[in-house]
Amino acid sequence: MADFGYDVADYCGVDPIFGTLEDFDRLVSDAHARGLKIILDFVPNHTSDQHPWFQDSRQGCDAPKRNWYIWRDPAPDGGPPNNWMSHFGGSAWEFDPASGQYYYHAYLRQQPDLNWRNPNVRAAMMDVLRFWLERGVDGFRVDVIWHLMKDPSFRDNPPNPHYAPGQPAIARHLEIHSTDQPEVLDIIAEMRATLDAYGDKVLIGEIYLPVERLVAYYGAGLSGVHLPFNFQLISAVWNARNIAELIDAYEAALPEGAWPNWVLGNHDRPRVASRIGAAQARVAAVLLLTLRGTPTLYYGDELGMMDVPVPPEAVQDPWEKNEPGLGLGRDPVRTPMRWDTSPNAGFSDGRPWLPMGDGLERNVATETQDASSMLALYQRLLELRRAHPALALGDYEGVSAQGDLLAFWRRTPEESVLVVLNIGHEAASYQAPGHFRVLLSTHSSDLETGEDGTIDLRPDEGLILKPA
Ligand code: NOJ
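Residues numbered from 1 in each chain as written. Predicted model: local features only at pLDDT ≥ 70, side-chain atom pairs only at ≥ 80, totals over all residues. Heavy atoms only, no water.

**Regarding the site of the ligand**
Neighbouring the ligand are 13 residues, the closest being D3, D143, H267, D268 and R330. Between the ligand and H267 there is a distance of 2.8 Å, counted from an oxygen atom to a side-chain nitrogen or oxygen. Within the side chain of D268, an N or O atom sits 2.4 Å from an oxygen atom of the ligand. For the ligand, the accessible surface in isolation is 300 Å², of which the surrounding protein chains cover 97%. Here the shell around the ligand is built from residues that sort into four nonpolar, two polar and seven charged. (Near = heavy atom within 4 Å. Polar contact = N/O pair within 3.5 Å; in protein donor to acceptor, adjacent residues only side chain to side chain. Areas by Shrake-Rupley, 256 points an atom, 1.4 Å probe, with all protein chains shown as cover. Nonpolar A, V, L, I, M, F, W, Y, C, P; charged D, E, K, R; others polar.)

**Structural notes on the pairing of strand β10 (residues 395-402)**
Summarising the sheet, β10 and strand β11 (residues 405-411) pair through seven bridges and their orientation is antiparallel. Within β11, the residue paired with E397 across the bridge is W409. Counted along the chain from β10 to the antiparallel partner β11, the turn is two residues long, and its residue G403 has a positive phi close to 55 degrees. (Pairing = 2+ DSSP bridges. Helix = DSSP H or I, 4+ residues; strand = E, 2+ residues; numbered from the N terminus.)

**Some words on the pattern of salt bridges**
Note on pairing: side chains with opposite charge can pair once their charged atoms come close. Per the stated rule, a full pass over the model turns up 22 salt bridges. A salt bridge links R330 to D317, with the nearest nitrogen and oxygen atoms 2.8 Å apart. On the criterion of sequence distance, the pair formed by R330 in the loop between α10 (318-322) and α11 (364-368) and D317 in the loop between β9 (294-296) and α10 is long-range, its members being 13 residues apart. On the basis of relative accessibility, which here comes to 6%, the residue R330 falls in the buried class. Members of the salt-bridge network, linked through shared partners, are D3, D268, D317, R330 and R334. (Salt bridge = Lys/Arg side-chain N within 4 Å of Asp/Glu carboxyl O. Buried < 20%, exposed > 50% of the residue type's maximum accessible area, 1.4 Å probe, protein only.)

**Re unusual backbone geometry**
The phi dihedral of V144 is positive, around 30 degrees, even though this residue is not glycine. One non-glycine residue with positive phi stands out, namely A345, at about 50 degrees. By the secondary structure assignment, A345 is in the loop between α10 and α11.

**Considerations on empty space enclosed by the protein**
Applying the stated criterion to the full structure yields one cavity of 30 Å³ or more. What the largest cavity holds in volume is close to 40 Å³. Taken together, N83, W84, M85, N157, I170, H173, E175 and S178 make up the lining of the largest cavity. Looking at the lining of the largest cavity, its residues break down into three nonpolar, four polar and one charged. (1 Å grid on protein atoms, 1.4 Å probe; cavity = no way out; pocket = protein on both sides within 12 Å on 5 of 7 lines; lining within 4 Å. Points joined across faces, edges and corners; volume = space filled by probe spheres on them.)

**Re the environment of A123**
In this fold, A123 is placed in helix α3 (residues 119-134). As for A123 and E190, which are separated by 67 residues in sequence, their C-alpha atoms are 9.9 Å apart.

**Description of the environment of E245**
Along the chain, the position of E245 falls in helix α7 (residues 240-253). For the pair formed by E245 and S400, sequence separation is 155 residues and the distance between their alpha carbons is 9.8 Å.

**A look at the nonpolar core**
One finds F140, M191 and L287 to be the most contacted residues of the largest nonpolar core, which totals 102 residues. Those residues in contact with F140, other than ones at most four positions away along the chain, are I39, L40, F42, L129, W132, L133, L195, V202, L203 and I204. The next biggest cluster of nonpolar side chains, apart from the first, holds 13 residues, and it includes Y430, I455, L457 and L465. (Core = buried A, V, L, I, M, F, W, Y, C linked by side-chain atoms within 4.5 Å. Contact = heavy atoms within 4.5 Å.)

**Structural notes on the sheet that holds strand β2 (residues 71-72)**
With antiparallel pairing, three strands are arranged side by side in an open sheet as β2-β4-β3. This sheet does not close on itself; its edge strands, each paired only once, are β2 and β3 (93-96). For β3 and strand β4 (residues 101-104), the ladder comprises four bridges, and the chain directions are antiparallel. Its bridge partner lying in β4, E94 is registered against Y103.

**Brief notes about the pairing of strand β15 (residues 454-457)**
Here β15 shows one buried face, formed by I455 and L457, and one open face, formed by T454 and D456. Two strands pair when backbone bridges link them, and strand β13 (residues 428-431) and β15 are joined in this way by four bridges, in the antiparallel orientation. Opposite Q431, over in β15, you have T454 as the bridge partner.

**A look at the side chain of N115**
Relative to the assigned elements, N115 resides in the loop between β4 and α3. The exposure class of N115 is buried, given its relative accessible area of 13%. At a separation of 2.9 Å, a polar atom in the side chain of N115 contacts the main-chain carbonyl oxygen of N67. For N115, the contacting residues outside a window of four places in its chain are N67, W68, Y69, I70 and V121.

So, in structure tokens, the structure goes:
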């Protein structure tokens, strides 16, 4: 738990603090009985330093599993083998005095990177996938998949010309040699083939790369991940023109037949309501669920949860501890789910690791009773998406971004749906081609659309429309 589960000591077990394998099996079967799928977070780039493989590897240069991890001699001056930095601050190399070598860790020193050039590592990790597939899981989200392969000659990363003080240490260099090596696609194809042998399973890759590199992870002939996570909405400058441009660029970059996806939030980045404000978070919900592709939503965002301030004495995240004060800590976005109005919002009888924060009226029980809540909005969006094939499967056709308005069509041969979003805090008028009926508004009272096609959007309003 040095990195809250991203430091795995046993790939085929459940940490006793969470339960047992029997609990897991029950989770899978109960979820399946409700028509839900279970996707596991698979962490193949690094293990825990407590993993028996690493315990063996660190026994010395001749240890049977020495080559399962990345060990290098010191630089001539005795320092680290190269300039690669850890994502959590400091050098990515940890010196082992007993053997006189360094091992590489892209994250914490308690998270040594596996050597994926070793065929035994590959085989062992494919066995791990099969272990969980045999237990009935529906797929995997693969942690930092673009990190798996490193430059075989371990060249220094070049400096990042855009680095600015206040950014984390990892941003000092461009990670061109420590990540995103072409050979990674072979590994991913092998993972994909492993899944495909079990039928209809999904492979999702966590990848932070520019769009033109991101789409390479669909693989030759779509042999790669089904969904290379598209995180652009998380870091987008929130204005209509910018969002329109990034959608168009992404749609244009997709390989033939590739299925898109959009991520609005995750456990590593500030919550959407904190990034763009509560009112625009509702517009963002409409955007997420009307764009073409699989949407990914982070728990609590469907309630409109905000980041919870975490005082220094309550900090858990190792990144915040290593690089304090830069606003990098991920605790504020990881506070407990809020179910109801009971103590700790019904999350736990025990004391949660992180503070519950304010605004506890944003909980499932309360929002279920309120037709104007964020939860109700998400439920209506999901219903609409199921009911309208144009929203689920239709083509995307960008219309325009005028001022604060972003408009696009989703179309199948049978159906057309128009989405108009006011990304601004002022009322704005949209001239639609003809008369339209409102399928959904972010605002509670219904809006009148003019016979002449004029639609007066209120501040921060998102609309889904159908030709009348
Ligand atoms: C990405 C995960 O999303 C993050 O939470 C974790 O700390 C790192 N990978 C390291 O595994």
